[in-house]
Every structure is written in C-alpha cells, then in structure tokens.
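Working through the structure, step by step
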Number of protein chains: 2
Amino acid sequence: MTTATSALVEALGRGLPGDRLMLDPDVLAPMSHDEAEWAPAEAAAVGVRARTEAEVQHVVRTCAELGVPVVPRGAGTGLSGGANAVSGCVVLDLSRMNQVLEIDAGNLLCVVQPGAVNNDVKAAVAEHGLWYPPDPASAPWSTIGGNVATNAGGLCCLKYGVTRDYVLGLRAVVGGPVAYGEAVRLGRRTTKGVAGLDLVGLFVGSEGTLGVVTEVTLRLRPAPAGTPRTVVGAFPTLVSSGQAVAQITRRGLTPAVLELLDRACLEAVEEWKHMGLDADAAALLLARVDAPGDAGAAEATAIAAAMTEAGALWAEQSTDDTEAEALFDARRLAYPALERLGPVLTEDVCVPRSQVPAMLEQISEIAARHGVRTATVAHAGDGNLHPCLITPPGDEVAREAAQAAFEEFLDAAIALGGTVTGEHGVGILKRDGMRRELDPGSLTLQGAVRHALDPRAIFNPGKG
Amino acid sequence: MTTATSALVEALGRGLPGDRLMLDPDVLAPMSHDEAEWAPAEAAAVGVRARTEAEVQHVVRTCAELGVPVVPRGAGTGLSGGANAVSGCVVLDLSRMNQVLEIDAGNLLCVVQPGAVNNDVKAAVAEHGLWYPPDPASAPWSTIGGNVATNAGGLCCLKYGVTRDYVLGLRAVVGGPVAYGEAVRLGRRTTKGVAGLDLVGLFVGSEGTLGVVTEVTLRLRPAPAGTPRTVVGAFPTLVSSGQAVAQITRRGLTPAVLELLDRACLEAVEEWKHMGLDADAAALLLARVDAPGDAGAAEATAIAAAMTEAGALWAEQSTDDTEAEALFDARRLAYPALERLGPVLTEDVCVPRSQVPAMLEQISEIAARHGVRTATVAHAGDGNLHPCLITPPGDEVAREAAQAAFEEFLDAAIALGGTVTGEHGVGILKRDGMRRELDPGSLTLQGAVRHALDPRAIFNPGKG
C-alpha cells in the first residue's frame with residue numbers, strides 16, 4: 001500500500017465502521033469496472049460500501065480534502081464504463097443502500113435509496129397497485145441510482161418515457177459552491193413545479209459527475225389495466241422491418257413496446273434455448289399494445305396491417321399468452337445468448353425514427369466492410385438500436401476491427417441526425433463520439449456547469 | 001435620453017435595421033411588463049423587436065460589452081413579472097420571430113421560432129395529423145418561447161405532461177464560458193438521447209436567465225383519436241370536491257383534464273355570460289376523458305362514481321357536446337370574468353394531490369382572516385391551485401391585505417409539502433417564496449450554475 005493510500009484509508013476509517021472498507025484486491029477488482037467490454041479500468045485505491053448518507057458525506061469530504069476521485073457505483077451493470085475506477089480513486093459502492101423508504105399511493109410516488117434494484121422497486125410498488133415503468137434490460141440487477149446516473153431507458157419508454165420522466169426529487173452529496181460533503185435536497189414531491197432551475201433533470205444522466213445521489217423520489221403510475229396484446233411480424237429484410245417501424249409511427253399508433261431482433265440474434269437464442277423461433281426471417285418485430293378494451297384490439301390490428309404493408313412475410317396477433325411471453329423471453333435472452341459466442345461490444349446509437357431503415361443498412365454495410373460479426377437488437381420504435389459486435393475470445397485483430405466498426409456506427413448515426421448514445425450513457429466509450437456529435441459551444445457550457453458544481457473535479461473525473 | 005442610453009442606442013443601431021429599435025415611451029411602456037398584478041417594473045432604456053437570430057446575437061453582444069441587462073419577452077402574458085423591465089435594460093421582444101420552420105410528421109417533431117404562438121403551432125401541426133399538447137390558459141396569445149421560459153403547464157398536462165416534456169432541442173444565444181452573443185445548439189432530434197448533461201432541460205423553466213432562446217424543436221404526438229367524454233360533478237363543499245380529486249387519483253383513473261371552479265368563479269362567469277351555470281354548488285369539477293372506445297366509457301363512469309362517493313350533489317357524464325364545450329368555456333372565461341371585478345392577483349401553488357382538500361381549506365381560512373375576496377380555479381388533478389385574489393380598483397388597504405394573504409398561501413403550500421409555483425414561474429412575485437421553499441444548499445447550487453453560464457449577470461437579472 002502506498003503512503004497516499006495509507007493516509008486515505010486512515011482518514012476514511014475515522015468516519016466509517018471497519019467493515020465498510022474494501023482493500024482486498026480480489027474484492028476491489030470486480031468493484032472497479034462495469035460491464036462495458038474493453039472500456040479501460042484503472043486501479044482503485046480503496047472501495048467503500050456505504051450504508052448511510054452520513055457515510056457518503058464522510059467519503060466525499062475526505063476525498064475532497066485529499067484530492068482523491070470518487071467513483072460511485074450501483075450494481076455495475078453499465079455498458080459504457082461509467083463506473084470504471086480511475087487511478088487512485090475511491091470506488092463508492094451504494095448497493096447496500098437499497099431500501100424502499102416510502103410508498104405514497106395517494107400521491108403516486110415512492111422514495112428509495114440509490115441501491116434499490118429496479119425490479120425490487122417495481123415489485124414493492126405493485127403491491128400498492130402502482131407501477132414504475134422504466135425497464136432497462138438490466139432491471140433484475142441494476143439499481144435506481146445507476147438508472148438515474150445514465151437516465152436509463154428500456155422497452156416501454158417508447159410509450160412511457162425514460163428515467164428522467166419519473167424522477168421528482170433527489171438527495172445528493174455535493175461539493176463545489178457548498179462544502180464538499182454537504183447533502184442537498186433537489187426537486188419536489190408535487191407532479192408540477194417550476195421553483196428554480198431544474199437541477200433534478202440536470203443530475204439525471206450526469207453519470208455521477210455532479211455529486212453522489214443518496215435518495216430518489218420517483219413518480220409512479222397506476223398499474224396498467226387489462227391484458228396487453230402482442231403483435232409479431234417476420235420480415236424478409238432488415239430494411240423492410242425498419243419501414244414497418246416508420247409506418248407504425250406515421251399512422252399515429254402507439255404500442256407500449258416495439259422491439260426488433262435480427263436473424264443473428266434469433267439464431268443465437270434458438271441455438272441456446274431451442275424455442276422454435278423463426279430464424280429464416282431477416283428480422284422479427286415484436287409489438288406490445290397495452291391500450292385497454294376495443295381500442296387496444298383496434299390498435300393491434302392496425303399494427304399488424306402496417307407490418308404487412310411494409311412487406312412482412314407474416315404478421316400476427318399472438319392469441320396465446322405463453323407464446324407471447326416466449327417471444328419477449330427471446331428478446332430478453334438476446335444479450336446473454338450473444339455473450340455465449342464471445343466478448344460483445346454493445347452499441348447504443350439512436351436515430352430519428354424515419355432513419356431506422358437507413359441506419360440498419362449502414363450497420364450491415366459497415367460491419368461487412370470490417371469483417372465484423374454483428375447482431376442487432378433494437379428499441380426500434382424509438383430509433384434506439386443496439387448492434388452488438390461479437391469477437392472470438394482473444395482475437396486482437398477482430399477486436400480492433402470491431403472497435404473501428406463501433407466508431408463508424410457512431411459517425412453514421414450522427415450523419416443521420418442521431419445521437420451516439422440513446423440510453424447507456426457516455427462513460428468512457430462514447431467520450432470521443434459525444435465530442436463529434438455535440439455543438440462545441442454546448443460542450444463548453446457543459447464543462448462550465450460541471451466545473452461550477454465540482455471545481456476540484458473529484459466526482460467521477462474522465463467520464464461523461 | 002441619458003448619455004448611457006445614447007451610447008447603447010448607437011451601439012445597437014450599428015447592427016440592427018432602424019425599425020427594430022423602440023424608443024417611444026408609449027411603445028416601450030407596454031413592452032416593459034407582463035400581466036402580473038403589482039409586480040414592479042422598472043424603466044427600460046430601449047426595446048428591440050428582433051427578427052433574426054443574428055439580430056439577437058448583436059443585442060446580446062452589445063449588452064454584454066456595455067454591461068446592460070437583457071430582458072427577453074414574448075407576448076407578455078406571464079403572471080409572475082418574469083418579463084418585467086429592470087432599470088436601464090434592453091427589452092428584447094421575440095414576438096416577430098414567429099415562424100413554424102419545419103414539421104416532420106415521420107419523426108413527430110416540429111421546429112419553431114420562439115415567438116410562434118402556442119395555438120398557431122397547434123393549428124399548424126394539426127394539419128399533419130399531429131398534436132402539441134401543452135395548453136396554458138394563455139395558449140391563444142402566449143408564445144412557445146415564453147412557454148419554454150416558464151415551463152408552462154395547462155389543463156391537459158395532468159395526463160400529457162408540461163412544456164419540458166415536449167422540448168427536444170433548442171438554439172440559444174448565450175454568454176459566459178463562450179463569448180457573449182454566441183449561438184449554441186442544445187439537445188437533439190431523437191426521442192431518446194443521453195449524450196452529455198441535459199442543458200435543454202436546464203434552459204426550460206430558467207425564465208431567460210441563462211440566455212435567449214432563438215429556436216425550439218418540439219416533440220409532438222399523434223392527434224388524439226375519438227371524441228373525448230366530459231364528466232361534471234357539483235359539490236356542496238370545497239373539501240368534498242378535493243376529496244373527489246384524491247379518490248380519482250387513488251383509483252388509478254387518468255382523465256386528460258380535471259379542473260375545479262369554486263362558487264366565486266362560477267358566479268363571476270354566470271353574471272357576465274348568463275350560461276346557466278349551477279352557482280349553488282360550492283365547487284364544480286370538470287373532467288375530460290380521452291381514452292378511446294369502451295375503455296373511455298368505463299373510465300368516465302368510474303370518475304362519475306368517484307365523485308358521487310366523495311359526496312357530490314350530482315355527477316353526470318355530459319351527453320351533449322355543446323353543453324360540454326360550454327362548461328370548458330366557463331373554465332376558460334374564469335380569469336377574464338374575475339378581472340371585470342377588479343385587479344386580480346393570481347396564485348399558483350401546487351401541493352401533493354392528497355393535500356388538495358387541506359389546501360382548499362387553508363385558502364378559505366387565510367382569505368377570511370385577511371378579509372380578502374378570492375375565487376379559485378384549479379388544475380385540481382395535478383394539485384395545482386390558482387386562488388385569485390380580487391381587490392377593488394385603487395383600494396390600497398385591500399391590496400396590502402391581498403398581498404399578505406398571497407404570501408400566507410405560499411407558506412401553507414410549503415407546509416403541506418408543496419411548491420410556491422406549479423407552472424407560472426418565479427419571476428419577481430415568487431422570489432421570496434422560492435427561498436422559503438428550497439433547501440439553502442440547492443439555492444447555492446442554482447446560483448453557481450447561473451453564474452457559470454452568465455458571469456456578467458446580464459440575462460434577466462433579479463428574476464427567478
């Protein structure tokens with residue numbers, strides 16, 4: 001242990017029970033990176049598993065005094081390296097602060113700690129007839145704090161919005177213009193409110209660069225009524241599936257979910273799980289309609305018609321719940337099925353919906369040119385595409401080709417009027433891409449805001 | 001004209017056609033305040049009616065050089081003094097920059113200039129089968145730029161959200177970390193996107209304190225299908241109407257609109273328009289259900305049942321479009337009807353929905369104690385209440401009593417877990433109230449962000 005690390009550990013120990021400090025390299029190593037393939041992680045000095053806001057305050061105060069970076073993390077399911085350690089940092093693990101503190105059914109809100117797991121929050125509020133919609137694929141493991149840090153999306157954000165749309169208020173341990181380590185309350189408990197700048201919205205998606213979130217007040221919805229309907233279409237080409245997406249949007253149809261899986265995904269899932277998926281199609285589109293009653297039936301019919309007119313091989317409403325659930329299972333299993341084939345680098349571009357066909361074409365073209373194996377899953381209705389780049393384990397040449405294709409995907413998305421990250425965040429992997437996307441003046445304003453709120457640059461430096 | 005003003009006018013004139021400058025006191029006076037009763041307006045040095053972003057840039061550059069405040073304004077329909085002139089300022093009128101620049105039906109968005117009137121934007125996009133939901137009562141006159149500045153709400157934000165939920169991107173003329181007068185592009189055209197801090201969300205609701213918005217990219221929805229249903233309930237007491245609101249929320253019902261008018265409003269409208277309103281009730285609740293088909297019918301029935309169980313004198317679905325429209329006309333006419341009675345000071349508190357009955361009780365109690373005449377209209381479903389304080393013209397004692405009651409309403413809302421402003425903005429009238437509401441640390445962070453983006457403090461100083 002270096003002298004600097006000893007001093008840090010001693011200072012941290014003055015305000016924390018001993019069991020909060022993680023120094024064992026075997027414990028620290030998995031705490032030092034998220035799930036982003038190939039995003040570099042440096043060596044953390046120490047890990048802290050905080051259990052209270054006061055402990056977080058002590059960590060931030062100590063780090064500010066010693067000039068040590070603080071890298072907050074939840075479950076570490078991020079896909080852009082946002083939670084990766086930087087050299088000599090404290091990794092501040094919030095996953096033990098995982099309580100649902102309050103459920104207020106009369107006001108459609110709940111208050112949770114940042115380490116509460118998304119699906120656990122969903123389950124807790126469901127007991128009160130309520131619903132927390134944001135549903136990233138990581139929902140069984142990812143924490144609300146991590147969801148807030150990245151402004152996580154998911155499947156049903158097509159109709160119901162992203163994490164930012166559900167955060168009413170926050171508590172955060174901040175620094176800068178107040179003393180480092182001070183806890184502040186931001187936002188409110190009312191559905192509307194315009195008193196002051198929207199600092200809650202600013203913190204959501206800031207990837208831990210403005211402070212450490214210690215409590216989140218979430219807006220909820222009533223649990224959806226009725227049984228959702230599923231519509232599935234199989235397409236002969238990727239482009240025709242993209243055209244169906246564009247048609248569905250243009251006709252004013254609003255499915256709750258509209259997902260795409262390409263043949264490579266279908267094959268990977270089928271090979272693993274033998275679900276009897278139609279891997280002959282170039283792509284499947286999966287729509288879920290949750291409008292209740294006859295309006296829902298009419299919408300499902302209209303979606304199937306739009307698919308057929310866009311050139312689907314077949315498009316059907318699923319009349320069987322088990323069958324519908326199997327299709328959504330296939331969607332959920334796509335990532336792990338691909339990971340069986342080798343390291344997966346997951347892309348997260350988002351383009352205007354009308355450009356989905358063009359982006360799908362570009363993905364095929366770029367991947368072919370670099371000789372890279374890809375499989376695409378997409379929140380197609382949002383224009384948010386996740387082409388996954390799969391490389392044989394240990395193949396350096398393939399890895400470099402994949403990284404080159406990854407950067408070209410970003411440029412293609414920008415050229416189509418899109419963004420380099422729809423929902424995974426900038427982290428480390430998208431820093432260059434973000435700089436290519438955004439107006440230089442806008443980047444300067446961002447830097448100024450960040451500096452104003454963290455002049456010592458201790459909050460997750462080098463990210464976002 | 002003072003020497004300073006002459007120098008300012010000369011410098012402005014070097015980059016603007018002569019007809020853009022307003023020096024005539026008779027023209028300048030109405031440009032120097034909004035519709036907030038009793039919010040102080042100081043003497044502007046000059047008004048500028050800009051027609052292009054380049055002209056806005058010239059104004060901001062010039063004002064920064066000379067240390068002159070810039071007070072942006074649209075139609076001047078604000079209710080908190082946010083657009084009121086400060087001494088020696090340039091009032092920058094953007095109402096001539098009123099074009100709808102682009103409507104992109106395939107991507108459900110449009111691009112407009114800040115002076116475009118809300119209802120004009122609605123009409124333009126409706127021709128493409130699209131809908132821009134935010135509907136402040138000022139929609140026939142207020143501009144999108146003003147709506148963005150205050151994060152305007154309205155009737156249908158209960159179900160469809162506020163202005164912030166519809167702003168994807170902005171162009172703004174800013175200063176601070178970039179040269180004053182530089183134009184920057186913020187945000188995006190995609191439905192999702194997390195590249196960088198959410199500066200768009202930060203600008204929305206910032207009341208012109210961070211820069212001058214010159215272009216807005218708005219998210220749109222498909223035009224609603226089907227005919228909405230109206231449910232009306234008459235209540236013997238204000239508190240029972242509040243209980244109906246709480247019941248409707250608790251049962252998971254989501255009307256698009258849920259408005260309250262108290263007896264004083266009903267009487268004022270009836271006295272003026274002779275619509276045959278039931279002014280015997282202490283309050284009317286007006287709900288609009290827009291869910292299509294049988295689900296909409298079921299929801300309307302459930303809302304009427306909730307009203308009855310909360311103690312309504314009667315609760316009925318309107319079977320007659322003309323009758324339903326007349327009721328919503330009564331809602332729209334409430335403000336002008338009250339203004340016929342004398343100067344109206346409009347309150348804008350918002351409380352958690354379960355506290356609507358308690359807040360209505362407090363309003364009655366506080367008004368009675370101060371001997372102030374009030375009439376309450378409310379976006380009751382959101383907990384956003386607009387008690388209006390009416391004073392006889394020229395009665396100073398009554399005015400002071402009204403102002404005392406106004407401040408007590410704010411304290412009562414804060415004590416109930418609410419906010420001092422749901423949708424009108426802080427402006428001048430709510431500056432003290434905001435300081436009583438917000439965490440001091442949060443106010444410090446706000447100040448730091450504002451200083452970082454406007455170190456010379458020229459953008460609408462003394463507001464927000």
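None of these values were measured; they are calculated from a predicted model.

What counts and what doesn't
- Residues numbered from 1 in each chain as written.
- Chains lettered and ligands numbered in written order.
- Predicted model: local features only at pLDDT ≥ 70, side-chain atom pairs only at ≥ 80, totals over all residues.
- Heavy atoms only, no water.
- Helix = DSSP H or I, 4+ residues; strand = E, 2+ residues; numbered from the N terminus.
- Rg over C-alpha atoms; globule rule 2.2 N^0.38 Å.
- Contact = heavy atoms within 4.5 Å.
- Areas by Shrake-Rupley, 256 points an atom, 1.4 Å probe, with all protein chains shown as cover.
- Lys, Arg positive; Asp, Glu negative; His and termini not counted.
- Charge placed at Lys NZ, Arg CZ, Asp CG, Glu CD.
- Buried area = accessible area lost by both parts, 1.4 Å probe.
- Polar contact = N/O pair within 3.5 Å; in protein donor to acceptor, adjacent residues only side chain to side chain.
- Nonpolar A, V, L, I, M, F, W, Y, C, P; charged D, E, K, R; others polar.
- Domains from an automatic or database assignment.
- Salt bridge = Lys/Arg side-chain N within 4 Å of Asp/Glu carboxyl O.
- Patch = residues over 30% accessible without salt bridge, like charges linked within 9 Å, V, L, I, M, F, W, Y side chains within 5 Å.

Looking at the overall build of chain A
Along its length, chain A carries 15 helices and 19 strands. The C-alpha atoms of chain A give a radius of gyration of 22 Å, which matches the 23 Å a tight globule of 464 residues would have. Each of the three principal axes of chain A carries a C-alpha extent, and together these read 65 × 60 × 45 Å. Looking at chain A alone, contacts between residues at least 24 apart form 72% of all its contacts between residues at least 6 apart. Element-wise, carbon and sulfur atoms account for 51% of the exposed surface of chain A, whose accessible area totals about 15,900 Å². Side chains of chain A give 37 positive and 56 negative charges; the mean places of these two sets differ by 6 Å.

Points about the interface of chain A and chain B
The interface of chain A with chain B comprises 78 residues on the first partner and 77 residues on the second. At the boundary of chain A with chain B, total buried surface from both sides reaches about 5,900 Å², with 65% on carbon and sulfur atoms. Its largest share of buried area at the contact with chain B, chain A owes to A:Lys192, A:Val194 and A:Leu197, together 14% of the area lost on that side. On inspection of chain A and its partner chain B, the count reaches 21 residue pairs in polar contact (both at pLDDT 80 or more). Mapped by element, the contributors of at least two residues to the side of chain A that touches chain B are strand 9 (182-187), helix 7 (199-203), helix 8 (238-250), helix 10 (293-309), helix 14 (431-437) and helix 15 (440-453) of chain A. If you tally residues by element for the side of chain A that touches chain B, the top one is helix 15 of chain A, at 9 residues. Its residues assigned to classes, the side of chain A that touches chain B comprises 31 nonpolar, 32 polar and 15 charged.

Re the domain arrangement of chain A
Residue and element names in this part refer to chain A. The assigned domain composition of chain A is domain 1 (3-93), domain 2 (100-222), domain 3 (226-335) and domain 4 (342-442). Inter-centroid distance (C-alpha atoms) of domain 2 to domain 3 is 30 Å. Opposite the 6 residues of domain 2 that make contact, domain 3 presents 11 residues. With both chains or domains summed, domain 2 and domain 3 bury close to 650 Å², and 61% of this area falls on carbon and sulfur atoms. Three residues stand out in domain 2 for area buried against domain 3, namely Leu 155, Leu 158 and Lys 159, and they jointly supply 76% of the buried area on that side. Taken together, the links from domain 2 to domain 3 amount to 1 salt bridge. A salt bridge links Lys 159 to Asp 290, with the shortest nitrogen-to-oxygen separation between them at 2.8 Å. Scanning the region where domain 2 abuts domain 3 turns up 2 residue pairs in polar contact (both at pLDDT 80 or more).

Examining a negative patch on the surface
Negative charge collects at one region of the surface, where A:Glu316, A:Asp320, A:Asp321 and A:Glu323 lie side by side. Locating A:Glu316 in the fold gives a position in strand 15 (residues 314-318).

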